[in-house]
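# Reading the structure
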Amino acid sequence: MHKKYGWLSSDPAGGLFYWVNVLDGDVLEWMKYAAASGVIFVPGKAFSLNDVTNTKIRICYAYCNDDEMMKGFERLEESFVKWKNNVQ
């Protein structure tokens, strides 16, 4: 759990994706803030047939180097704070 913001995630044990569960709120709203910050993600609901919540996101890290990934996570964090504080 990310103690500062209260989202759940786990370190990938392999594969190409990083999953995050924000626990509260509709990630489609966050997506608007993220896009304005220059980063995008796929709502986790797009990968489920029976998940009625929209609190998860899936991030692909297959095509970026470590610096690009850190930059993306910084933008995600910035956009998350703006979303939670409702600031554009």
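Check the entry above for the structure.
Every value quoted in this text rests on a predicted model; they were computed, and no experiment measured them.

Attention shifts here to the packing of aromatic side chains. Both the distance between ring centres and the angle between the ring planes are used here to describe each pair of aromatic rings. According to the stated counting rule, one finds six aromatic pairs in the structure shown. Between Trp19 and Phe47, the ring centres sit 6.0 Å apart and the planes meet at 80°, which makes this aromatic pair edge-to-face. Of this pair, Trp19 sits in strand S2 (residues 17-21) while Phe47 sits in the loop between strand S3 (42-43) and strand S4 (56-60), and the two are 28 residues apart along the sequence. Given a relative accessible area of 41%, Phe47 falls into the partly exposed group. Arranged with centres 5.0 Å apart and planes meeting at 50°, the rings of Trp30 and Phe41 form a pair that is tilted. With Trp30 in helix H1 (residues 27-36) and Phe41 in the loop between H1 and S3, the pair connects residues that are eleven residues apart, well separated along the chain. Judged on exposure class, the residue Trp30 and its partner Phe41 are both buried. Across from the ring centre of Phe17, 3.4 Å away, lies the NZ or CZ of Arg58, which sits over that ring. Over the ring of Phe47 we find Arg58; its NZ or CZ atom is 3.7 Å from the centre of that ring.

Pairing of S2 with S4 involves five bridges; the strand directions are antiparallel. Within S4, the position partnered with Tyr18 by the bridge is Ile59.

It is worth spelling out the sheet that holds S2 at this point. With antiparallel pairing, four strands are arranged side by side in an open sheet as S1-S2-S4-S3. Strands at the two margins of the open sheet, each flanked by one partner only, are strand S1 (8-9) and S3. When S1 meets S2, the two strands line up antiparallel, connected through two bridges. Directly across from Ser9, in S2, lies its bridge partner Val20.

Attention now moves to helix H2 (residues 66-84). The periodicity of an α-helix, 3.6 residues per turn, causes residues three or four places apart in sequence to face the same way. The end-to-end C-alpha separation of H2 is 27 Å, in line with the 27 Å expected for 19 residues at 1.5 Å each. Looking at the packing, one finds that the buried side of H2 touches H1 and S4. Measuring from the side-chain oxygen of the N-cap residue of H2 to the backbone nitrogen of Asp67 gives 3.0 Å; that N-cap residue is Asn65. Note on H2: the residue one or two positions beyond its end, Asn86, has a positive phi of about 55°.

The rules behind these values
- The written sequence of each chain sets the order in which its residues are numbered from 1.
- Where totals are concerned, whole chains, interfaces and linings use all residues; where local detail is concerned, this predicted model gives features only for residues with pLDDT of at least 70, and gives and counts side-chain atom pairs only at 80 or more.
- The side-chain quantities take in all heavy atoms of the structure and omit both hydrogens and water.
- Between rings of Phe, Tyr and Trp, where Trp is taken as its six-membered ring, a pair exists when centres lie within 6.5 Å; planes separated by under 30 degrees are stacked, by over 60 edge-to-face, and by other angles tilted.
- Going along the chain from the N terminus, every DSSP run of H or I of four or more residues is numbered as a helix, and every run of E of two or more is numbered as a strand.
- Buried means the residue's accessible area, taken with a 1.4 Å probe over protein chains only, is under 20% of the maximum for its type, while exposed means over 50%, and partly exposed covers the values in between.
- Remark: a charge is flagged as sitting over a ring if the NZ atom of Lys or the CZ atom of Arg is within 6 Å of the ring centre and within 35 degrees of the ring normal.
- We call two strands paired when DSSP finds no fewer than two bridges between them.
- What a helix should span is 1.5 Å times the count of its residues minus one.
- Any two residues whose heavy atoms approach within 4.5 Å are treated as being in contact.
- Identification of polar contacts relies on pairs of N or O atoms within 3.5 Å, with a donor-acceptor requirement for protein atoms, meaning one able to donate a hydrogen and the other able to accept it, and with residues adjacent in sequence counted only if both atoms are side-chain atoms.

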